Amino acid sequence: MARTRTPDTVSVGGHRLRLTNPDKVIYPTTGHTKADVIAYYQAIAPFLLPHVTGRIVTRKRWVDGVGTADRPGDVFFEKNLPDSAPSWIRSVAIEHSNHTNTYPVFDDAAALAWAGQVSALELHVPQWRVDGHGVPQNPDRLVLDLDPGPGAGLAECVEVARRAKALLADLELEPMPVTSGSKGMHLYAPLDGTHDSDYVNAFAKEVAKALESELPDLVVSSMRKSLRGGKVLVDWSQNNGNKTTIAPYSLRGTLEPHVATPRTWRELTSSLKQLTLDEVLTRMKRRKDPMAHLAPDLVADRLATYRSMRDPGRTPEPAGAGGTSSNGRSFVIQEHHASSLHWDFRLEHDGVLVSWALPKGVPTSTAKNHLAVQTEDHPLEYGTFEGTIPKGEYGGGEVTIWDHGTYELEKWNAREVIATLTGTKEGGIGGRRKYALIHTDKNQWLIHQMMITAQ
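These notes cover the structure that comes with them. This structure is a prediction, so every number in the text was calculated from the model and none was measured. (Residues numbered from 1 in each chain as written. Predicted model: local features only at pLDDT ≥ 70, side-chain atom pairs only at ≥ 80, totals over all residues. Heavy atoms only, no water.)

### Side note on the sheet that holds strand β11 (residues 141–148)
Here six strands make up an open sheet; going across it, the order is β14-β15-β11-β13-β12-β18 and the pairing mixed. On the outer flanks of this sheet lie β14 (219–220) and β18 (261–262), each paired with one strand and no other. One ladder, built from four bridges, connects β11 with strand β15 (residues 232–235); its direction is antiparallel. By the bridge assignment for β15, Asp145 is matched with Asp235. Against the sheet, helix α4 (residues 197–214) touches β11, β14 and β15, its axis set at about 40° to β11. (Pairing = 2+ DSSP bridges. Helix = DSSP H or I, 4+ residues; strand = E, 2+ residues; numbered from the N terminus. Contact = heavy atoms within 4.5 Å. Axes fitted to C-alpha atoms, helices over the stretch in contact; angles between N-to-C directions.)

Below you can see the structure in the form of structure tokens.
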């Protein structure tokens, strides 16, 4: 994190974040401070983000720290993204049976830094993701929560986990263990997204009942606390579409700063224990994420529509094999002489170029808005594309770069995107221009010029 002008403001991934009370002790038992929490989330971001990106995040906050065994700190769950949160954190509105919540989605390290700043130690996510438009998708993973009751512990969880692994393998599922950072373990298995949450939840319940049948003296699948003495509850209910589970690599609000840590099966021995943030950071300096295969290639998923609409043997457009920008904040506006002339307005975001077609071009004053029709995400390589798409192919016609450059992001959510663009091409936007894209209906947006800054 690079310091900016004021001592309490930092820059994280191009975003400005105001920090307060960095020396506040959050874990009195070990002396770890808010600054330590933020530093952990920044260091672990490359491993944590793939497991939360695209998922709504419910936070568990200890504003004054976790306290001690004698005097536990106050804690509360937070679902909605508060008004005080930075506008650049992505938000998604999810409709429930009788209300709507606006959740954050943590797609970058800056969002994790903000979580640390507000003492949101625990990050809980569902087993499903939202797409680029904020629409919930089917679950892409199954989870079993192995929760030891009184008289049981991690050793019993290991025994249950090994049997669950064999059972799931028979069903062609490959689970991976996570020590939860609390008392027990989680088992995650990847899914292909074919079935909805109700189906997956019912399936997980049958798995739990099968384990109980095989290990009646060790496993219970009922939520009744009176049945749990000396046994491990195989909690299948966290596959319910309305429930969440602690995210892999998230901190826990325990007396010591424990972490929900992905493990290898070889680690599941009699000496298995929960790990702290310092142990996890040391561990990940020399290891890869054992659960990496459960984090899908989201860029590839977002480009699936783009690829399905093009035959690389017939068009000179980039195939969409992937690419990176030097700053993560590039833009391009392309003049496109297709069946009807329009301008393609593209902003780099989350590893792709999010794209809108502007039939009347970019607004040239603050007095009049123009229509912007959101189209499929494009690969980053498209930012330098110029050429002729053959007649008869999708988007057939001449494509030239009208302007390109970088942008500063002020807000990005499902309803509004605000960014200040700095163009580099003569005859383009003419220096710095601030635009707001406002979502009106389905793929329909309006683009509004908010101000003009002289060069």
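Having seen the model, we can carry on.
### A look at the packing of aromatic side chains
Taken as a whole, this structure holds nine aromatic pairs when the rule is applied. Consider the rings of Phe47 and Tyr249, whose centres lie 6.1 Å apart with planes at 40°: the pair is tilted. With a gap of 202 residues between them, Phe47 in helix α1 (residues 34–52) and Tyr249 in the loop between β16 (245–246) and β17 (258–259) connect regions that are remote in the sequence. With a centroid separation of 5.6 Å and 80° between ring planes, the pair formed by Trp356 and Trp445 is classed as edge-to-face. Residue Trp356 is located in strand β22 (residues 352–358), and its partner Trp445 is located in strand β28 (residues 444–453); the two are separated by 89 residues in the primary sequence. Look at Trp445 and you get buried, because its relative accessible area is 5%. Ring pairing ties together the aromatic residues Phe345, Trp356, Trp412, Tyr435 and Trp445, which thus form one cluster. (Phe/Tyr/Trp six-rings, centres within 6.5 Å; stacked < 30°, edge-to-face > 60°. Buried < 20%, exposed > 50% of the residue type's maximum accessible area, 1.4 Å probe, protein only.)

### Things to note about the environment of Ser330
Tracing the chain through its elements places Ser330 in strand β20 (residues 330–337). Using a relative accessible area of 18% as the deciding quantity, one classes Ser330 as buried. Sequence separation between Ser330 and Arg346 is 16 residues, and the spatial gap between their C-alpha atoms is 8.6 Å. Engagement of the side chain of Ser330 in a polar contact is seen with the side chain of Glu348, the distance being 2.6 Å. (Polar contact = N/O pair within 3.5 Å; in protein donor to acceptor, adjacent residues only side chain to side chain.)

### Some words on the nonpolar core
Among the nonpolar cores identified, the biggest contains 74 residues, and Phe106, Phe345, Leu347, Trp356 and Leu421 are the most heavily contacted of them. If one sorts the elements of this core by residue count, α1 sits on top with nine residues. If we skip the residues at most four places from it in the chain, Trp356 touches Trp343, Asp344, Phe345, Leu347, Ala372, Val373, Gln374, Thr375, Trp412, Leu437 and Trp445. With 37 residues, the next largest nonpolar core counts Leu142, Leu144, Ala260 and Leu294 among its residues. (Core = buried A, V, L, I, M, F, W, Y, C linked by side-chain atoms within 4.5 Å.)

### Structural notes on the packing of helix α3 (residues 154–170) against α4
The contact between α3 and α4 brings their axes to 11 Å, and the two run at 125°. The pairing of α3 with α4 is recorded here as oblique in orientation. The handedness of the crossing between α3 and α4 is right-handed. Contact residues: Arg163, Ala164, Leu167 and Leu168 in α3; Val207, Ala210, Leu211 and Glu214 in α4. (Parallel < 35°, antiparallel > 145°, perpendicular 65-115°, else oblique. Left-handed = near helix turned anticlockwise from the far one by under 90°.)

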